[in-house]
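Letter by letter, the chains look like this.
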Amino acid sequence: MAEKKALKEKFRRDYTPTNYFVEQVNLLFQVFEDCTKVSSSLKVKRRDGAPENAPFQLDGEGLTLQSLSIDGETLPPSRYSWVEEDLLEISGPLPSSFVLQSLVTTKPEENTQLSGLYKSSSIYCTQCEAEGFRRITLMQDRPDIMATYEVRIEADKESCPVLLSNGNMTENGDLENGRHFATYNDPFPKPSYLFAMVAGDLGFIRDTFVTRSEKVVALNMYSEHNNVKKLYHAMDSLKKAMRWDEETFGLEYDLDIFNVVAVNDFNMGAMENKSLNIFNTSCVLASPETATDADYERIQGIIAHEYFHNWTGNRVTCRDWFQLTLKEGLTVFRDQQFSMDMTSAAVKRIEDVNVVRSMQFPEDNGPMAHPIRPESYIAMDNFYTVTVYRKGAEVIRMYHTLLGKEGFRKGMDLYFQRHDGSAVTCDDFRRAMADANGVDLTQFERWYLQAGTPVVRCEAKYDVEAKRLSLLLKQSCRTPQGGDALPFHMPIRVGFLAQDGSELLPERVLELKEASQEFVIENVNSKPVLSLLRGFSAPIKLEYERDDEELAFLMAHDKDSFNRWEAGQLMFSRTIHANAKAMQAGQAMQLNAKLVDAVRRTLLDTSLDKSLQAYALTLPNLQNLAESMEIVDPDALVDAYKFTKKEIARSLRDHLLKTYEANLLPEDSFRNDAEAIGMRRLKNVCLGYLAALGDKEVLDVCLKQALTANCMTDLVAAASCLAANPGEQSDKALEHFYQQHAKDDNLVFCKWIAIQAAACTDQALEIVDKLFKHPSFTIKNPNICRSLFISFAGNMKHFHRADGSGHRWLTDRILELDKLNPQTAAKILTKLAGYKRFDAPRQASMKAQLERVRNTEGVSKDTMEIAIRALA
Ligand code: PHE
Ligand code: ZN
């Protein structure tokens, strides 16, 4: 195989079906201490109409091929060759149906990329999405090739007592030399990316679920022995998800067994392999001492997400990888809806919109911008993005809003009726939605074709005489290429408030389709206050002029909880942006008295839901604020942010302290019901404000919380406050954190790192470098890498130091990591991609580092693609 990685760009428009297809896969894994043998037998058919002499192409990456035969006859080397470094071609003619057998050897213990077959701690496991199966054996490694799998695993019985693969276990028993075996059969045809196998010494918990047609499903969750007690929350979440999908979409589980395995080393969150989900430990293990309330919610959401993939992804899969959002956007939407039903709809919506705004909007506004259905890729792994996932989910949500709950369900039913068992496209999904509802969704395709965040401007006119309200909506969107996008079809949910705060008219969904469109509403008795884009009904930026009084009015009266929160966020960001401007002009920063009043009112309103109250009190995050700055000036922005927070705290110090104390829970018993979670959230937001004051009294309160916390939520909150205020209390809290929890728990260690890397202090860069050299730091574990590198990249002022030292430091680490794990290195490099948004010195420094990556010999295709796209 050729040494040099060729950078080959693949295009969506080039899709063609294969001439042959694999129908059945038989695999034998023989796991040994230092090497694993993989024997495969593929049942292959020529497609009707394909030429008899067509060659047969198979993907294979980094394989040591020991033998190859067709129908039992060894293939002479003259019959096959590597036409590309990862593509083997067997020349024709070939029978219309044949069996291809191969034997390859691999070394899982040396696989640091964590794609294909690898070893995580003592566990052998696989990761095949998107193109990892080709690193295990030769295969048509593309999602439109759906085959049934039969798998036999052989391994040492003592070190690998547990042997798992997809589907049902059909046989198991002992072999010679202390070895044993198990065989599995998965009756559902699936693409190779859903294959999985696991071998190791695992502990487990068991449960069952009875489906609505009264089938009993065995549920098993596996982890390293010492973590087994942290699996119960995931199990509980799984059962809730199974029930919810039956009730909401009529979707029932289709096999007798469902397994989840937790591994330490994993590039992503989790993977939906058929009946054998493999999870990053960080997305499945939970105990009050090691996981925060947010972790508990995230785990519930991800367990549901992977489970939901069984229908949206596995039973109906993607024709090609450009269609990724077909399964991911839809499944994220499903897990979001599930979480809204399980916890609080408004809270969940606020959290999800925050992610879209602070992560997806910047991506859409930078050089990595792509439509939710990308047109090309070099390394598919680079397209598991917030755009494909999160904007993709917003697009699905728009179908839901446009068609209504019932209409959406009809569309889903038709989608499964038409496409169960096949590999389809986003157009097929859109067609099912349109046909089931008898509506025209042609224009809606533009969400799949055009990148960029649309801006919608609203102007309202009210005619007192005629009692007529007219709303003029104008949309515009710049594409990444710099042109104007064609108008999108989007739902704008609008509420109309009377002066007393009641709803003057029933809420409406305006269907905006034109670049400029007027909506006239008759019989409106008085001039309403508009509540626009309720629930963030479209992934856009809304522009509408209103003063602080009106925002305060909405904060107090809007019946849409999301928009009440939104009004407060707008008020915060106005003040912070004004202060950043003042700072840049060398003028004094000021605190807007109306903002303080509004914050005081929210703080004192004990009738509010505490989680919502906490979010209403939380400042917009820095990424979010940076997005609406013309040129990002990290120093001015961070200083304005800190000033605003500190001045609010100064004005409301006593109220904040009182609210903090009023929401303390007894330390001797831990609760994690909604009320307790709300209390912790509110209390810790107050603590965050108080810590901004940085005086001894408040830092002592933080320290006390850190030392006496009965759960990770409170420890993380207090330690974060202190990490931003270096000194005696901070040292004590962080040392306590390390000794009590972090030193022997990988996931807690990650939190301990992340808190420090994110802390905005003058020592930030020195601190991250020290953490990098910490004896427990290992660059081989993606969770640890992310905790340090991604958290530091979010430390706006210090990562973006004007002298470029932060950028240089991170790039050094990326180049080091790239040699081991290209996927994770490439993800981290995206943090330098948005350079055009910054001032000249920072632009130059970020660009210089991207160029350095591009010019480095031997950089992986994943990382190279990011550098090239960012610099384009
Ligand atoms: N398909 C996984 C999910 O979103 C994500 C994933 C992608 C995991 C690639 C591993 C590798 O559920
Ligand atoms: Zn997914």
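Values in this document were obtained by computation on a predicted structure and should not be read as measured data. (Residues numbered from 1 in each chain as written. Chains lettered and ligands numbered in written order. Predicted model: local features only at pLDDT ≥ 70, side-chain atom pairs only at ≥ 80, totals over all residues.)

(A) Region of interest: the overall build of the protein. A count of helical and extended segments in the protein gives 25 helices and 31 strands. At 28 Å, the protein has a C-alpha radius of gyration in line with the 29 Å of a compact globule built from 872 residues. Over its C-alpha atoms, taken along the principal directions, the protein stretches across nearly 85 × 65 × 60 Å. Counting only residues that meet the buried cut, the protein has 51% of its 872 residues in that class. If you take every contact in the protein between residues at least 6 apart in sequence, the share linking residues at least 24 apart comes to 69%. (Helix = DSSP H or I, 4+ residues; strand = E, 2+ residues; numbered from the N terminus. Rg over C-alpha atoms; globule rule 2.2 N^0.38 Å. Buried ≥ 20, exposed ≤ 12 C-beta atoms within 10 Å, placed from the backbone. Contact = placed C-beta atoms within 7 Å.)

(B) Examining the sheet that holds strand E15 (residues 179-190) more closely. Spatial ordering of the open sheet is given by E6-E5-E9-E3-E2-E12-E15-E14, a layout of eight strands whose pairing is mixed. At either end of the open sheet lies a strand with only one pairing partner, and these are strand E6 (73-74) and strand E14 (168-174). When strand E3 (residues 36-46) meets strand E9 (residues 97-106), the two strands line up antiparallel, connected through 10 bridges. Opposite threonine 36, over in E9, you have threonine 106 as the bridge partner. (Pairing = 2+ DSSP bridges.)

(C) Structural detail: the UniProt feature "domain: Peptidase M1 alanyl aminopeptidase Ig-like fold" (unreviewed entry) in the protein. Mapped onto this structure's residue numbering, the UniProt feature "domain: Peptidase M1 alanyl aminopeptidase Ig-like fold" (unreviewed entry) falls at residues 452-545. Regarding residues 452-545, the helix share stands at 0% and the strand share at 52%, and the terminal C-alpha atoms are separated by 23 Å. (UniProt positions renumbered as here; feature names shortened; annotations may be inferred.)

(D) Spotlight on the nonpolar core. In terms of nonpolar packing, the biggest core is built from 257 residues, with Val261, Leu637, Cys702, Ala718 and Ala719 touching the most fellow members. At 13 residues, helix H5 (residues 386-419) tops the list of elements feeding residues into this core. Once residues within four sequence positions are removed from consideration, alanine 718 is found in contact with Leu687, Cys702, Gln705, Ala706, Ala709 and Ala733. (Core = buried A, V, L, I, M, F, W, Y, C linked by C-beta atoms within 7 Å.)

(E) Summary view of the pairing of E9. Of the strand pairs in this sheet, strand E5 (residues 64-70) and E9 are connected by six bridges, and their pairing is antiparallel. In the strand pairing of E9, leucine 65 is matched with valine 104.

(F) Representation of the sheet that holds strand E11 (residues 123-127) within the structure. Taking strand neighbours across the sheet as the criterion, the four strands line up as E10-E11-E16-E13 in an open arrangement whose pairing is antiparallel. What marks the edges here is a single partner per strand, and that holds for strand E10 (116-120) and strand E13 (162-165). When strand polarity is set aside, the average angle formed by the axes of neighbouring strands in this sheet is 15°. When E10 meets E11, the two strands line up antiparallel, connected through five bridges. Residue pairing in the sheet places lysine 119 in a bridge with tyrosine 124 of E11. (Axes fitted to C-alpha atoms, helices over the stretch in contact; angles between N-to-C directions.)

(G) Summary view of the site of ligand 1. Every residue lining ligand 1 is accounted for by Gln127, Glu129, Ala130, Met268, Ala270, Met271, Glu272, His305, Glu306, His309, Glu328 and Tyr384. Looking at the shell around ligand 1, the elements that each hand over two or more residues are strand E20 (270-271) and helix H2 (293-308). The residue makeup of the shell around ligand 1, split by class, is five nonpolar, three polar and four charged. (Near = placed C-beta within 6 Å. Nonpolar A, V, L, I, M, F, W, Y, C, P; charged D, E, K, R; others polar.)

(H) Molecular detail of the domain arrangement of the protein. Domain annotation for the protein reports domain 1 (16-201), domain 2 (316-449), domain 3 (455-540), domain 4 (546-693) and domain 5 (743-871). On a C-alpha basis, the centroid separation for the pair domain 1 and domain 2 is 31 Å. Counting residues at the interface gives eight residues for domain 1 and nine residues for domain 2. When the residues that make up the side of domain 1 that touches domain 2 are grouped by side-chain class, the tally is five nonpolar, no polar and three charged. (Domains from an automatic or database assignment.)

(I) Spatial organisation of the packing of helix H8 (residues 548-557) against helix H9 (residues 561-584). One can describe the packing of H8 onto H9 by two numbers: an axis separation of 8 Å at closest approach and a directional angle of 150°. When you trace H8 past H9, the crossing you get is left-handed. Where H8 approaches H9, its residues Asp548, Leu551, Leu554 and Met555 are matched on the opposing element by Asn563, Arg564, Ala567, Gly568, Leu570 and Met571. Counted by class, the contact of H8 with H9 contains six nonpolar, two polar and two charged residues. (Left-handed = near helix turned anticlockwise from the far one by under 90°.)

(J) Representation of the pairing of E15. Of the pairings in the sheet, the one linking strand E12 (residues 147-156) to E15 comprises nine bridges and is antiparallel in character. For aspartate 156, the partnering residue across the bridge sits in E15 and is arginine 179. In this structure, the hairpin formed by E14 and E15 is closed by a connection of four residues, where asparagine 177 is found at a positive phi of approximately 60°.

(K) Representation of helix H4 (residues 345-364) within the structure. The end-to-end C-alpha distance of H4, which contains 20 residues, comes to 26 Å, matching closely the 28 Å that a straight helix rising 1.5 Å per residue would cover. The largest bend along H4 reaches roughly 30° and is located at arginine 357. (Expected span 1.5 Å × (residues − 1). Bend = angle between axes of the 7 residues up to and from the residue.)

(L) Here's a closer look at unusual backbone geometry. Put simply, glycine 92 and proline 93 share a cis peptide bond, and its omega is -10°. Along the chain, proline 93 falls in the loop between strand E8 (87-90) and E9. In this model, glutamate 129 is joined to alanine 130 through a cis peptide bond whose omega is -5°. A positive phi angle, close to 65°, is found at glutamate 214, a residue other than glycine. Its location among the elements puts glutamate 214 in the loop between strand E17 (203-210) and strand E18 (216-223). You can call glutamate 214 exposed: it has 6 C-beta atoms within 10 Å. In this model, phenylalanine 536 sits at a positive phi of 55°, which is unusual for a non-glycine residue. Looking at where phenylalanine 536 falls in the secondary structure, it is placed in the loop between strand E30 (529-532) and strand E31 (541-543).

(M) Here's a closer look at the packing of helix H18 (residues 746-758) against helix H19 (residues 764-772). Between H18 and H19, whose axes approach to 8 Å, the crossing angle comes to 155°. When the axes of H18 and H19 are compared, the pair comes out roughly antiparallel. The two elements H18 and H19 cross, and the hand of that crossing is left-handed. Across the interface between the two elements, Ile753, Gln756 and Ala757 from H18 touch Ile767, Val768 and Leu771 from H19. Of the residues assigned to the contact of H18 with H19, the class counts are five nonpolar, one polar and no charged. (Parallel < 35°, antiparallel > 145°, perpendicular 65-115°, else oblique.)

(N) Highlighting helix H22 (residues 805-818). Compared with the 20 Å implied by 1.5 Å per residue over 14 residues, the 20 Å span of H22 between its first and last C-alpha is a close match. Here H22 has its buried residues at Gly806, His807, Leu810, Thr811, Arg813, Ile814, Leu817 and Asp818. Taken around the axis of H22, the buried residues stretch over an arc of 165°, which confines them to a single face. Contacts from the buried residues of H22 go to H19, helix H20 (782-793), helix H21 (796-799), helix H23 (822-829), helix H24 (840-854) and helix H25 (861-871). (Arc of directions from axis to C-beta.)

(O) How the structure looks around the environment of valine 25. Examined against the element boundaries, valine 25 turns out to sit in strand E2 (residues 20-31). Separated by 74 residues in sequence, valine 25 and valine 99 place their C-alpha atoms 9.7 Å apart. Contact partners of valine 25, with chain neighbours within four places excluded, come to Ser40, Leu42, Ala147 and Tyr149.

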